[in-house]
Amino acid sequence: MSSSASDAETSLPKEPLARGHHGGVFEGLIPIRTVLFQQGDARGALQALKTYQFKRGLAANERRAVMELVGLSYRILHEWEAAQQAFGEIPDPFQAGYCALLSGNVATAIRWWQPLIQKINPNHWALSLLGMVTGQLQRWPSMLQIRNYLEQDVYALAEAGQGALLDNVLACAPILLQINPEAPKLMGRSLLYARHFSKALELLLLGQRTLPQDSEVYFHLGQCYSALNDTLQARRCLHQCLMINPDYKPAQWLLETLPVPLVEASGL
């Protein structure tokens, strides 16, 4: 944590900047968002949110904004029950069920999501996600759903330590790439940033075979090989990235930081 709860209390306003429904609550939440998202101090954010969490007379949109931050703070802390309660109060059944899923409680996630799927949107991403984590995919997601949701879900499951559920999702890669060829790359990138390097490499290599002219997948392979201390392969992937796209700045910067192996320096 970059700051303590007491530090957050002294640096944040004790009362809204204005009363009533004239932006005071939303203005007061701005520094709390800074504490949560920039400073990474979820405990400090929760302490500061008490100013609004137990305040009466908030408009519905104000109450939602407050409880979303409460729920996100508990989610960052992996306090899943409290996060579900906060999101349920909004109510936001998708986020509540998502926290249940990240806790490993699939049955509770289903209870939160069933009305959402059955009454509101039978094509909701939640249905595809449940199918993947349980290994019983019965409905294929759309190309855009994979693009918009898959990457963050892989990272969230990895970060939450839900290895079994994560492996079930990763096993769907050969199916998902038939809908969106970028799926293995998206999954591999999430695993890379979650520091699951061996699994990331496997998915990124599948992504490279699927989209051999995609400069981005070679960049992420370079990152992954670098993290695995395979400098020679990292540099080869970064060179391939730059052959496809000479203006790929992140690849240029990473390449400059890596030592030149003796094999490459000798031209072998």
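Right above here is the structure, for reference.
Scope of this entry: the structure provided in the associated data block. (Residues numbered from 1 in each chain as written. Predicted model: local features only at pLDDT ≥ 70, side-chain atom pairs only at ≥ 80, totals over all residues. Heavy atoms only, no water.)

What about the environment of Leu72?
Its location among the elements puts Leu72 in helix α4 (residues 60–76). According to the relative accessible area criterion, Leu72 is partly exposed, its value standing at 26%. Along the chain, Leu72 and Ala86 lie 14 residues apart, while their C-alpha atoms are 8.8 Å from each other. Ignoring anything within four residues of it in the chain, the contact list for Leu72 reads Leu36, Phe37 and Phe87. (Helix = DSSP H or I, 4+ residues; strand = E, 2+ residues; numbered from the N terminus. Buried < 20%, exposed > 50% of the residue type's maximum accessible area, 1.4 Å probe, protein only. Contact = heavy atoms within 4.5 Å.)

Quick notes on the packing of helix α14 (residues 215–227) against helix α15 (residues 231–244)
Look at α14 against α15: their axes get within 8 Å of each other, and the N-to-C directions meet at 165 degrees. In terms of axis orientation, α14 runs roughly antiparallel to α15. Judged by the sense of rotation from one axis to the other, the crossing of α14 with α15 is left-handed. Between α14 and α15, the residues in contact are Ser215, Tyr218, Phe219, Leu221, Gly222, Tyr225 and Ser226 and Gln233, Ala234, Cys237, Leu238, Gln240, Cys241 and Ile244, respectively. (Axes fitted to C-alpha atoms, helices over the stretch in contact; angles between N-to-C directions. Parallel < 35°, antiparallel > 145°, perpendicular 65-115°, else oblique. Left-handed = near helix turned anticlockwise from the far one by under 90°.)

Topic: the side chain of Ser190
Structurally, Ser190 can be placed in helix α12 (residues 183–193). The residues touching Ser190, leaving out its near neighbours within four places in the chain, are Glu151, Gln152, Val154 and Tyr155.

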